[in-house]
Amino acid sequence: MLENLKDQPADKILALMQAFRDDPRDDKIDLGVGVYRNAAGVTPVMRAVKAAEKRIWETQETKAYTGLAGDPAYARALGGMILGDAADWDRLAAVATPGGTGAIRQGLELIGMAAPGATVWVSAPTWPNHLSILRHLNMPMRDYHYFDDATREVDFDGMLADLAKVGRGDAVLLHGCCHNPTGANLTAEQWAQVADLLAEKGAMPFIDIAYQGFGDGLDADAAGVRLLAGRLPQMLIAASCSKNFGIYRERTGLLMALAEDAGQKALAQTNLAHLNRQNFSFPPDHGARLVQTILGDADLRADWMAELEDVRTGMLDLRRQLADELRQRSNSDRFDFLARHRGMFSRLGATPAQVEALRRDHGIYMVGDSRMNIAGLNAQTVPVLARAIVDVGV
Ligand code: LMR
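All values reported here derive from a predicted model rather than from experimental measurement.

**Comments concerning the overall build of the chain**
Point 1. Counting secondary structure elements, the chain contains 15 helices and eleven strands.
Point 2. Rg of the C-alpha trace for the chain: 21 Å, near the compact-globule value of 21 Å for 394 residues, within the 12% margin.
Point 3. Seen through its C-alpha atoms, the chain measures out along the principal axes to roughly 60 × 55 × 55 Å.
Point 4. Per-residue burial for the chain yields a buried fraction of 54% across its 394 residues.
Point 5. Working note: accessible area of the chain is about 17,500 Å², and carbon and sulfur atoms make up 51% of it.
Point 6. Placing the 42 positive and 50 negative side-chain charges of the chain at their respective mean positions leaves the two points 2 Å apart.

**Concerning the sheet that holds strand β5 (residues 171-175)**
Point 1. On the basis of which strands lie adjacent, the open sheet formed by seven strands has the order β2-β8-β7-β6-β5-β3-β4 and mixed pairing. Each of the sheet's edge strands pairs with one partner strand only, and the pair in question is β2 (92-97) and β4 (141-145). The mean inter-strand angle of the sheet, taken between neighbouring strand axes irrespective of direction, is 25 degrees.
Point 2. Summarising the sheet, strand β3 (residues 120-124) and β5 pair through two bridges and their orientation is parallel. When the sheet's bridge partners are listed, V120 is paired in β5 with A171.
Point 3. Lying on the sheet, helix α7 (residues 188-201) is in contact with β5 and β6 (204-209); it crosses β5 at an angle near 170 degrees.

**Notes on the domain arrangement of the chain**
Point 1. When cut into domains, the chain gives domain 1 (11-45 + 305-391) and domain 2 (65-296).
Point 2. Here domain 1 and domain 2 have C-alpha centroids that lie 27 Å from each other.
Point 3. If you look at the interface, domain 1 gives 26 residues, while domain 2 gives 28 residues.
Point 4. At the boundary of domain 1 with domain 2, total buried surface from both sides reaches about 2,100 Å², with 58% on carbon and sulfur atoms.
Point 5. Our count for the contact surface shared by domain 1 and domain 2 stands at three salt bridges.
Point 6. Linking domain 1 to domain 2 there are ten residue pairs in polar contact (both at pLDDT 80 or more).
Point 7. In the side of domain 1 that touches domain 2, the residues fall into twelve nonpolar, six polar and eight charged.

**Brief notes about the site of the ligand**
Point 1. Around the ligand lies a shell formed by I13, V33, G34, W127, N180, Y211, K243 and R371.
Point 2. Separating an oxygen atom of the ligand from a backbone N or O atom of G34 is a distance of 2.7 Å.
Point 3. Between K243 and the ligand, the recorded distance is 3.2 Å, taken from a side-chain N or O atom to an oxygen atom.
Point 4. Taken together, the residues that form the shell around the ligand break down as four nonpolar, two polar and two charged.
Point 5. If you count residues domain by domain, the shell around the ligand takes at least three from each of domain 1 (11-45 + 305-391) and domain 2 (65-296).

**So, unusual backbone geometry**
Point 1. Omega for the peptide link from A124 to P125 comes to 5 degrees, which places this bond in the cis form.
Point 2. Within the element layout of this structure, P125 appears in the loop between β3 and α5 (128-136).
Point 3. Residue P181 is bonded to the preceding N180 through a cis peptide linkage, with omega at 25 degrees.
Point 4. By secondary structure assignment, the location of P181 is in the loop between β5 and α7.
Point 5. Residue N138 is not a glycine yet carries a positive backbone phi of 60 degrees.
Point 6. Mapped onto the elements, N138 comes out in the loop between α5 and β4.
Point 7. In this structure, S281 takes a positive phi of about 70 degrees despite not being glycine.
Point 8. Here S281 lies in the loop between α10 (262-279) and α11 (286-295).
Point 9. On the accessibility criterion, S281 (15% relative accessible area) is buried.

**Some thoughts on the packing of aromatic side chains**
Point 1. Under the defined criterion, the tally for this structure stands at six aromatic pairs.
Point 2. Relative to W304, the ring of F245 has its centre 4.2 Å away and its plane inclined at 5 degrees; by these criteria the two rings are stacked. Of this pair, F245 sits in the loop between β7 (235-240) and β8 (253-258) while W304 sits in helix α12 (residues 298-330); the two residues are 59 residues apart in sequence, bridging distant segments of the chain. Each member of the pair, F245 together with W304, is buried.

**Some remarks on the side chain of N276**
Point 1. Mapped onto the elements of the fold, N276 is located in helix α10.
Point 2. Among the residues examined, N276 registers a relative accessible area of 0% and is labelled buried.
Point 3. One polar contact links the side chain of N276 to the main-chain carbonyl oxygen of A96, over a distance of 3.1 Å.
Point 4. Discounting chain neighbours no more than four positions away, the residues touching N276 are L68, A69, V95, A96, T97, Q106, S281 and P283.

**Notes on the pairing of β8**
Point 1. With six of six residues buried, β8 lies mostly within the body of the structure.
Point 2. In the sheet, β2 pairs with β8 via six bridges, with the strands oriented antiparallel. By the bridge assignment, A96 is partnered in β8 with L254.
Point 3. Pairing analysis gives six bridges linking β7 to β8, with the strands arranged antiparallel. Residue pairing in the sheet places M235 in a bridge with L258 of β8.

**Observations concerning the environment of N378**
Point 1. By secondary structure assignment, the location of N378 is in the loop between β11 (371-373) and α15 (381-391).
Point 2. Residue classification places N378 among the buried residues on the basis of a relative accessible area of 14%.
Point 3. A sequence separation of 337 residues divides N378 from G41, and the C-alpha atoms of the two residues are 8.0 Å apart.
Point 4. Dropping the residues within four chain positions of it, N378 is found in contact with A39 and L318.

Parameters at a glance
- Residues numbered from 1 in each chain as written.
- Predicted model: local features only at pLDDT ≥ 70, side-chain atom pairs only at ≥ 80, totals over all residues.
- Heavy atoms only, no water.
- Helix = DSSP H or I, 4+ residues; strand = E, 2+ residues; numbered from the N terminus.
- Rg over C-alpha atoms; globule rule 2.2 N^0.38 Å.
- Buried < 20%, exposed > 50% of the residue type's maximum accessible area, 1.4 Å probe, protein only.
- Areas by Shrake-Rupley, 256 points an atom, 1.4 Å probe, with all protein chains shown as cover.
- Lys, Arg positive; Asp, Glu negative; His and termini not counted.
- Charge placed at Lys NZ, Arg CZ, Asp CG, Glu CD.
- Pairing = 2+ DSSP bridges.
- Axes fitted to C-alpha atoms, helices over the stretch in contact; angles between N-to-C directions.
- Contact = heavy atoms within 4.5 Å.
- Domains from an automatic or database assignment.
- Buried area = accessible area lost by both parts, 1.4 Å probe.
- Salt bridge = Lys/Arg side-chain N within 4 Å of Asp/Glu carboxyl O.
- Polar contact = N/O pair within 3.5 Å; in protein donor to acceptor, adjacent residues only side chain to side chain.
- Nonpolar A, V, L, I, M, F, W, Y, C, P; charged D, E, K, R; others polar.
- Near = heavy atom within 4 Å.
- Phe/Tyr/Trp six-rings, centres within 6.5 Å; stacked < 30°, edge-to-face > 60°.

Right under this line is the structure:
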């Protein structure tokens, strides 16, 4: 039977991770996979996570199953952090999932169950795994303009023109903040226009929020999703704790469905729990328990927020340093967008040949579409990167 299998295309980001590991050069620089690294190149366990782990180790008395939806207290805590005052628990169904990817997968399956044949609209470009999961599920998809290659800003006119073609009952996948891979984000006013358009079209927004706290701050990064939750009758939200809690390998995510009323919420909740049961049964608990412990304790929460803020401002500093360095070396302001972008990533706008030259001649690894992980830099490597970017002629 196994001989009938077809080879699968390698995931671009994961293949790059391997190529970097295999490169023997000491001065190589990894700007590939989206993992935060501090100035020493380490992805640290956050202080509050360590403290919560200790507390859980000391007090947890059972590892028996939680519920199919995970512990509801986790959903309340994380959902509250994401939605703030817009969290209406009379209308919100929620399940814990294995990571943000698990939430995306379950959300798309829910769309397929509720509206077979509905088209899912994705930004061009988007996280490659969005496309891969959609293809795997055999779901119809179309893309909408998002990024202007010339200005490296959001092509908002193009986006609105494409979203005007969205059909009633279609779903529109949006990045809540820190757009991956481009780094270009909607303004509050643009979010409001998108909300109006989706409401008019009768479309279902599906927000992927994987980097809350990495852009303009925890609340500011959730402004778009909160605005939509306040205006739209229904929406889906997939959240990840991998980055903002630094618990990548714990696989900690949440899928929320905002329903129109309590009856519809109950229906959504049953279906979400059913999907968990079919795909993996009970969701992982350890990461969820860490998040719930941190968010539920004033001291741990404050310490986690302070450390997250340091991470965020550190990335902003790196962005500014890189933009300054490139302004000097290129004698132009054409890289100033790097300081305007937010989150872990920026799409540099290099050609595939230039990306290859950066890897071959300079040992600098970025994704083939020239997405760079800003958090892979430090004060020493910023000038090295700037020199290399100008050297290969970007
Ligand atoms: C990324 O985009 O690099 C991260 O989300 C990690 C991944 O799983 O691709």
